[in-house]
Amino acid sequence: MERKIFKQVTTTVVPLPIENVDTDQIIPARFLKATTRQGFGENLFRDWRYEHGDAAKPRAGFVLNNAMYRGEILVAGKNFGCGSSREHAAWALADYGFRVVVSSFFADIFKNNALNNFLLPVQVTDAFLDRLFTEAEADPEALITVDLEKQVIRIPATGEEEAFEINAYKKECLLNGYDDIDYLLSQKDQIEAYEKHRAFNF
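The rules behind each value
Residues numbered from 1 in each chain as written. Predicted model: local features only at pLDDT ≥ 70, side-chain atom pairs only at ≥ 80, totals over all residues. Heavy atoms only, no water. Helix = DSSP H or I, 4+ residues; strand = E, 2+ residues; numbered from the N terminus. Buried < 20%, exposed > 50% of the residue type's maximum accessible area, 1.4 Å probe, protein only. Core = buried A, V, L, I, M, F, W, Y, C linked by side-chain atoms within 4.5 Å. Contact = heavy atoms within 4.5 Å. Salt bridge = Lys/Arg side-chain N within 4 Å of Asp/Glu carboxyl O. Phe/Tyr/Trp six-rings, centres within 6.5 Å; stacked < 30°, edge-to-face > 60°. Pairing = 2+ DSSP bridges. Axes fitted to C-alpha atoms, helices over the stretch in contact; angles between N-to-C directions.

A.B. asks: Which parts of the structure should I look at to understand the environment of Lys-170?
C.D. replies: Checked against the element boundaries, Lys-170 lands in helix H6 (residues 168–176). Since its relative accessible area comes to 15%, Lys-170 is described here as buried.

Below is the structure:
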């Protein structure tokens, strides 16, 4: 997996004000045959993006087909990533180019899958989520900043911001671009020192 260091991102957003988006809507089951993480982005929200899933017939009303909206942050409705536990949903979002997904609630398994794939799930209050949707609707060029080091999401134009929670271990992994193996290797010297000095009782 490519190492992706995440500290801060400032970008326009893609608003998806739909609640209860499940993993089958994010990436339909018929596209789960591949075993690598590449290529899933083209089928992200496939049945919402295209009439009858046909890539030659994009739905004009769907946000990913709207040239006004682009960016590395997806702002989604409450209860994002519910349904099955497929990791491919995180693969598809990351492969499409999203680095952050913002919602007021995430399914736990999706949240963990996202973090394991260098995709940051930012959980905010319902009120702040509404502000993000309002800002994006009023100005598709409006910027949003997500600062992982400070654990803050901010609307630069207004100064409004909100703190978000993240597991300390996963935060360290994202800040350094570590997967689980990379993290263990980063602790190699400390582990060897501990093993060298610990008392063995047999």
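Now that the structure has been shown, we can carry on.
A.B. asks: Even after reading the chapter, I still don't get the nonpolar core, so can you show me in this structure?
C.D. replies: Across soluble globular proteins, nonpolar side chains have a tendency to be buried as a group. Judged by nonpolar contacts, the single largest core of 54 residues is most densely connected at Phe-45, Phe-80, Leu-93, Val-102, Phe-110, Leu-120 and Val-146. Leu-120 has contacts with Phe-6, Arg-99, Val-100, Val-101, Leu-115, Val-146, Leu-148, Phe-164, Ile-166 and Leu-174, leaving out every residue within four places of it along the chain.

A.B. asks: What is the right way to look at the pattern of salt bridges in this model?
C.D. replies: Oppositely charged side chains can pair when the atoms bearing their charge come close. Going through the model one piece at a time under the given rule, you end up with eight salt bridges. Two residues, Arg-59 and Glu-51, come together in a salt bridge whose shortest N-O distance is 3.3 Å. For Arg-59, a relative accessible area of 30% gives the class partly exposed. Between Asp-126 and Lys-78 there is a salt bridge, and its shortest N-O distance comes to 4.0 Å. Here Asp-126 is found in helix H5 (residues 126–138), whereas its partner Lys-78 is found in the loop between strand S3 (73–76) and helix H3 (88–96), with 48 residues between them in sequence. Each member of the salt-bridge network shares a partner with another, and the members are Arg-131, Glu-135 and Glu-160.

A.B. asks: Help me understand the packing of aromatic side chains, please; the structure alone is not making it clear to me.
C.D. replies: The geometry of two aromatic rings is summed up by the distance between their centres and the angle between their planes. Here the structure, examined in full by the defined rule, presents eight aromatic pairs. Each residue in the set Phe-45, Trp-48 and Phe-62 is aromatic and connected to the rest through ring pairs, giving one cluster.

A.B. asks: Whenever I open this one, the environment of Arg-131 confuses me. Can you help?
C.D. replies: Here Arg-131 lies in helix H5. In this structure Arg-131 touches Ile-155, Thr-158 and Glu-160, once residues within four positions along its chain are discounted.

A.B. asks: Teacher, can you tell me more about the sheet that holds strand S8 (residues 160–163) here?
C.D. replies: Where strands meet in a sheet, backbone hydrogen bonds hold them as pairs that are either parallel or antiparallel. Taken in spatial order, the four strands line up as S1-S6-S7-S8 in an open sheet, and their pairing is antiparallel. Because the sheet does not close on itself, it has two edges, and the strands there are strand S1 (8–11) and S8. Neighbouring strand axes in the sheet, compared pairwise and without regard to direction, differ in orientation by 10 degrees on average. Strand direction decides the pairing type here: S1 and strand S6 (residues 144–147), joined by four bridges, are antiparallel. The residue bridging Gln-8 from the neighbouring strand is Asp-147, located in S6.

A.B. asks: How should I be thinking about the pairing of strand S7 (residues 152–155) in this particular structure?
C.D. replies: Within a regular strand, side chains alternate between the sheet's two faces. In the sheet, S6 pairs with S7 via three bridges, with the strands oriented antiparallel. Counterpart to Thr-145 in the pairing with S7 is Arg-154. Here S6 hands over to S7 after four residues, with Gln-151 in that stretch at a positive phi of 55 degrees. Examined bridge by bridge, S7 and S8 share four bridges and lie antiparallel to one another. Paired with Arg-154 across the two strands is Glu-161, which belongs to S8.

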